[in-house]
Amino acid sequence: MISAAIVKRISDNVPSLAGKVYPESAPENIAYPFLVYRLDSVERYTDLSGTPAGCPVAQYRFAIFGTSRSQVETLSNAVGALFDGWRGMIDTQQILTSTFQNQESNEVFVEGSDIPVYSYSNTHSIQFKE
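Residues numbered from 1 in each chain as written. Predicted model: local features only at pLDDT ≥ 70, side-chain atom pairs only at ≥ 80, totals over all residues. Heavy atoms only, no water.

With that settled, the discussion passes to the nonpolar core. In this structure, Ile-6, Ile-10, Leu-17, Leu-35, Tyr-60, Phe-62 and Val-79 are the most contacted members of the largest nonpolar core, which totals 24 residues. In terms of residue count, helix α2 (residues 69–83) provides more of this core than any other element does, five residues in total. (Core = buried A, V, L, I, M, F, W, Y, C linked by side-chain atoms within 4.5 Å. Buried < 20%, exposed > 50% of the residue type's maximum accessible area, 1.4 Å probe, protein only. Helix = DSSP H or I, 4+ residues; strand = E, 2+ residues; numbered from the N terminus.)

Structure follows, in structure tokens:
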């Protein structure tokens, strides 16, 4: 449920990524730009008796791909701003707190193309209510 809420927030607020947010990997021949996300972990805390204590924190990695450095940097900043310190509701999912860090990666060439592909990788920590 948390992943669906994350995808919805990005698609609803970053028009050039609407319908172009994919888990794990993007389909072949998808037009740039697009975003691929991966849920790295969900930490659930318990007290000494094993009772849940607090709300879980999900660690996401978002990779944004495009054909220009300025395009992916702009999109990375837009996606980061959606979650940097943001809290609120996405449909029925409550986000309690969130943070992000971004990291630029190098340009790469896709086999069969002379156009370089650029990407930024954002890491997000999102605390949510189950």
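This brings us to the pairing of strand β7 (residues 116–128). Of all 13 residues making up β7, ten are buried, and the element is well covered by its neighbours. Pairing of strand β3 (residues 57–66) with β7, which is carried by ten bridges, proceeds in the antiparallel orientation. Bridge pairing in β7 links Val-57 to Gln-127. The sheet contact formed by strand β5 (residues 93–104) and β7 spans nine bridges and is antiparallel. Each bridged residue has a counterpart across the sheet, and for Ser-98 the counterpart in β7 is Ile-126. (Pairing = 2+ DSSP bridges.)

Another aspect to go through is the pairing of β3. Burial of β3 is extensive: eight of the ten residues sit out of reach of the surface. Two strands pair when backbone bridges link them, and strand β2 (residues 34–43) and β3 are joined in this way by nine bridges, in the antiparallel orientation. Its bridge partner lying in β3, Ser-41 is registered against Gln-59.

Contact geometry for helix α1 (residues 2–13) and α2: axes closest at 10 Å, N-to-C directions at 125 degrees. Taken as axis vectors, α1 and α2 run oblique relative to one another. Crossing hand, α1 versus α2: right-handed. Two secondary-structure elements touch here, α1 through Ile-6, Arg-9, Ile-10 and Asn-13 and α2 through Val-79, Leu-82 and Phe-83. Split into classes, the residues belonging to the contact of α1 with α2 amount to five nonpolar, one polar and one charged. (Axes fitted to C-alpha atoms, helices over the stretch in contact; angles between N-to-C directions. Parallel < 35°, antiparallel > 145°, perpendicular 65-115°, else oblique. Left-handed = near helix turned anticlockwise from the far one by under 90°. Contact = heavy atoms within 4.5 Å. Nonpolar A, V, L, I, M, F, W, Y, C, P; charged D, E, K, R; others polar.)

Here we take up α2. Taking 1.5 Å per residue as the helical rise, α2 with its 15 residues ought to reach 21 Å, and the 22 Å between its terminal C-alpha atoms agrees with that figure. Note on α2: the residue one or two positions beyond its end, Gly-85, has a positive phi of about 75 degrees. (Expected span 1.5 Å × (residues − 1).)

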